[in-house]
Amino acid sequence: MTILIAYDGSDDAKAAIAFAGQILKGESAVVLTVWERLATTSARASAGLMTAIDGDMAADEAIGEAMRKLARHGADLAREAGLDAVPRCEPDSVAVWATIVDVADEIDATLIVTGTRGLGGVRSLLLGSTSDRVLHHTHRPVLVVPSPRTGD
């Protein structure tokens, strides 16, 4: 069994890792962090979806390194939770949810694990829930772990 765990550093993603470790202790896991390149972010900004960020290749590489570090942190948490985990970091191809689905297919994941949130407020309303999109666009089982916060 190979589990794909989507990890963005949020409390919800941490809760998803902890829960997966409780029920799937000892299983192999890939902890995936997906990030948006500045060019993609700028293109979305021009469509009015978010604020534009001016950047260059060096800035993209710095962001990529920070995201690789985040993926390693997620894999560390997964190992602490009892999973045999490795980190993976990917720039998004079209959307974060699509990259999660594509990587799950590539590694032939038995299960995709995700938290319920990562985006907040207006951005979540405009772009939709990543977990919802993963759930509705994959042919693999998906475990969506609810937010640990009361009332979410």
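Here's what I pulled together on the structure shown here. Everything numeric in this text was worked out from a predicted model, so none of it was measured.

### Brief notes about the packing of helix α4 (residues 96–106) against helix α6 (residues 130–137)
Link 1 in the chain: Where α4 contacts α6, the two axes come as close as 9 Å, and the packing angle between them is 45 degrees. Taken together, the axis directions place α4 and α6 in an arrangement best described as oblique. Considering the relative orientation of α4 and α6, their crossing is right-handed. Counting all contacts with α4, which are made through Val96, Trp97, Ile100 and Val101, the residues of α6 involved are Thr130, Arg133, Val134 and His137.

### With respect to the sheet that holds strand β1 (residues 2–6)
Link 1 in the chain: Here we have 5 strands laid out as an open sheet, ordered β3-β2-β1-β4-β5, and parallel in their pairing. Pairing within the sheet leaves two strands with one partner each, and these edge strands are β3 (84–91) and β5 (142–145). Averaged over all neighbouring strand pairs, the angle between strand axes comes to 25 degrees, with direction disregarded.
Link 2 in the chain: The sheet contact formed by strand β4 (residues 111–115) and β5 spans 4 bridges and is parallel. What sits directly across from Val113, in β5, is Leu143.
Link 3 in the chain: Contacting β1, β2 (28–35), β4 and β5, helix α1 (residues 11–24) runs over the sheet at an angle of about 140 degrees to β4.
Link 4 in the chain: This element, helix α3 (residues 57–80), spans β2 and β3 of the sheet and lies at about 160 degrees to β3.

### Comments concerning α4
Given 3.6 residues per turn, any residue in an α-helix points the same way as the ones three and four places further on.
Link 1 in the chain: Inspection of α4 places Ala98, Thr99, Ile100, Val101, Val103 and Ala104 among the buried residues, and these make up the whole buried set.
Link 2 in the chain: Looking at the packing, one finds that the buried side of α4 touches β1, β2, β3, β4 and α6.
Link 3 in the chain: Downstream of α4 by one or two residues, Asp108 has phi in the positive range, about 55 degrees.

### Topic: the pattern of salt bridges
Link 1 in the chain: Scanning the entire structure with this criterion turns up 8 salt bridges.
Link 2 in the chain: A salt bridge links Glu106 to Arg88, with the nearest nitrogen and oxygen atoms 3.0 Å apart. You can see Glu106 sitting in helix α4 and its partner Arg88 sitting in strand β3, a full 18 residues away along the chain.
Link 3 in the chain: Residue Arg88 is classed as buried on the basis of its relative accessible area of 18%.

The rules behind the values
- Within every chain, residues take consecutive numbers counted from 1 along the sequence as written.
- Only residues with pLDDT of at least 70 are given local features in this predicted model, and only at 80 or more are side-chain atom pairs given and counted; all residues enter the totals for whole chains, interfaces and linings.
- Remark: hydrogens and water are excluded; side-chain values derive from all non-hydrogen atoms of the structure.
- Here an angle of 0 to 180 degrees is reported between the N-to-C directions of two axes, which are lines fitted to C-alpha atoms, with helices fitted over the stretch in contact.
- Under the DSSP-based scheme used, a helix requires at least four consecutive residues in state H or I and a strand at least two consecutive residues in state E, with every element numbered from the N terminus.
- Here the word oblique covers every angle except those under 35 degrees (roughly parallel), over 145 (roughly antiparallel) and from 65 to 115 (roughly perpendicular).
- Two helices that cross are described as forming a left-handed crossing if the nearer one is turned anticlockwise from the farther one by less than a right angle, and a right-handed crossing if clockwise.
- Any two residues having at least one pair of non-hydrogen atoms within 4.5 Å are treated as being in contact.
- Note: two strands are recorded as paired if DSSP finds a minimum of 2 bridges between them.
- Using a 1.4 Å probe on the protein chains alone, a residue whose accessible area is under 20% of its type maximum counts as buried, one over 50% counts as exposed, and one in between counts as partly exposed.
- Salt bridge criterion: a side-chain nitrogen from Lys or Arg within 4 Å of a carboxyl oxygen from Asp or Glu.

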